[in-house]
Amino acid sequence: GKPIDTDKLTIPEVEGFTFDGWYTDKTYNTEFDFTKPITSNTTVYAKWTAKDYEVSFITEHGDAPASQNVPYNGTAKDPGKLTAEGYTFDDWYTDDTYTKEFNFKTPITGNTKVYAKWEKNAPNTYALNVSGAFVYVDGVDVTAPAGDTTLQLEKDASVRLVADPDRMPSGMVFDRWT
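Residues numbered from 1 in each chain as written. Predicted model: local features only at pLDDT ≥ 70, side-chain atom pairs only at ≥ 80, totals over all residues. Heavy atoms only, no water.

A. Expanded view of the overall build of the protein chain. Counting its regular elements, the protein chain contains zero helices and 11 strands. If you list the helices and strands of the protein chain from N to C, you get β-β-β-β-β-β-β-β-β-β-β. Computed over its C-alpha atoms, the radius of gyration of the protein chain comes to 35 Å, more than 25% above the 16 Å expected for a compact globule of 178 residues. Taking the principal axes of the C-alpha coordinates as reference, the protein chain spans close to 120 × 25 × 25 Å. When burial is assessed residue by residue, the protein chain has 25% of its 178 residues classed as buried. Partitioning the contacts of the protein chain with sequence separation of at least 6, the portion at a separation of at least 24 is 52%. Within the structure as shown, the protein chain displays about 12,800 Å² of accessible surface, and the carbon and sulfur contribution to it stands at 48%. Measuring between centres, the 17 positive side-chain charges of the protein chain sit 8 Å from its 28 negative side-chain charges. (Helix = DSSP H or I, 4+ residues; strand = E, 2+ residues; numbered from the N terminus. Rg over C-alpha atoms; globule rule 2.2 N^0.38 Å. Buried < 20%, exposed > 50% of the residue type's maximum accessible area, 1.4 Å probe, protein only. Contact = heavy atoms within 4.5 Å. Areas by Shrake-Rupley, 256 points an atom, 1.4 Å probe, with all protein chains shown as cover. Lys, Arg positive; Asp, Glu negative; His and termini not counted. Charge placed at Lys NZ, Arg CZ, Asp CG, Glu CD.)

B. The arrangement of the nonpolar core in detail. Residues V55 and W92 are the most contacted members of the largest nonpolar core, which totals 16 residues. If you look at the next biggest cluster of nonpolar residues, it comprises six residues, including V130, V135, V137 and L153. (Core = buried A, V, L, I, M, F, W, Y, C linked by side-chain atoms within 4.5 Å.)

C. Geometry of the packing of aromatic side chains. All chains considered together, the criterion is met by 12 aromatic pairs. Relative to Y72, the ring of F17 has its centre 5.5 Å away and its plane inclined at 70 degrees; by these criteria the two rings are edge-to-face. Here F17 is found in strand β1 (residues 17–23), whereas its partner Y72 is found in the loop between β4 (68–71) and β5 (87–93), with 55 residues between them in sequence. Owing to a relative accessible area of 28%, F17 belongs among the partly exposed residues under this scheme. Taken together, the ring pairs in this structure connect F57, Y87, F89, W92 and W118 into an aromatic cluster. (Phe/Tyr/Trp six-rings, centres within 6.5 Å; stacked < 30°, edge-to-face > 60°.)

D. Local environment of the environment of G110. Within the secondary structure, G110 is located in the loop between β5 and β6 (112–120). Taking the C-alpha atoms as reference points, G110 and D52, separated by 58 residues in sequence, lie 8.3 Å from one another. Apart from residues no more than four positions distant in its own chain, G110 is found in contact with Y53 and E54.

E. Quick look at the side chain of S56. Checked against the element boundaries, S56 lands in strand β3 (residues 52–58). Other than its neighbours up to four places away in sequence, S56 contacts S67, T112, K113 and V114.

F. The arrangement of the environment of D141 in detail. By the element assignment, D141 lies in strand β9 (residues 140–141). Sequence separation between D141 and G21 is 120 residues; the distance between their C-alpha atoms is 84 Å. Among residues more than four places away in sequence, those in contact with D141 are V135 and Y136.

Following this line, the structure appears as structure tokens:
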């Protein structure tokens, strides 16, 4: 027998895999030596390794989870819910317009970006502007000396307004709060 001409071997392209050589055994322990003559029927085994693809997590709030290297047709691990002050995490999406939720069971076949969707929390404070009244917040008089009182109130604060006839325009009487 004579050695195999390796220039005439065609290695097919396999999507998502890298060709790693020819081996004499199914467990890929011994590389096949193409320089030795073939003297009997011989079986060689092609070794292929799945390519790794990067799955990166994009977020506008809080800390983004670390990227993951996922082998071709593998699945990314769900990094779980994120936290960020003032926001509630909704879920992971396939695009930055949040039209389709990302399914962590989907096989990865290329580099992938996953986007965190957030909902802004209701504010914890609210603005209150009052003219012509005494203002009591949680039982404490917070009336501004000049007449117009502007405050940032905590959510669920108790507010009591008492009309002040001295602060009403001449000839007017109290009708209602608006």
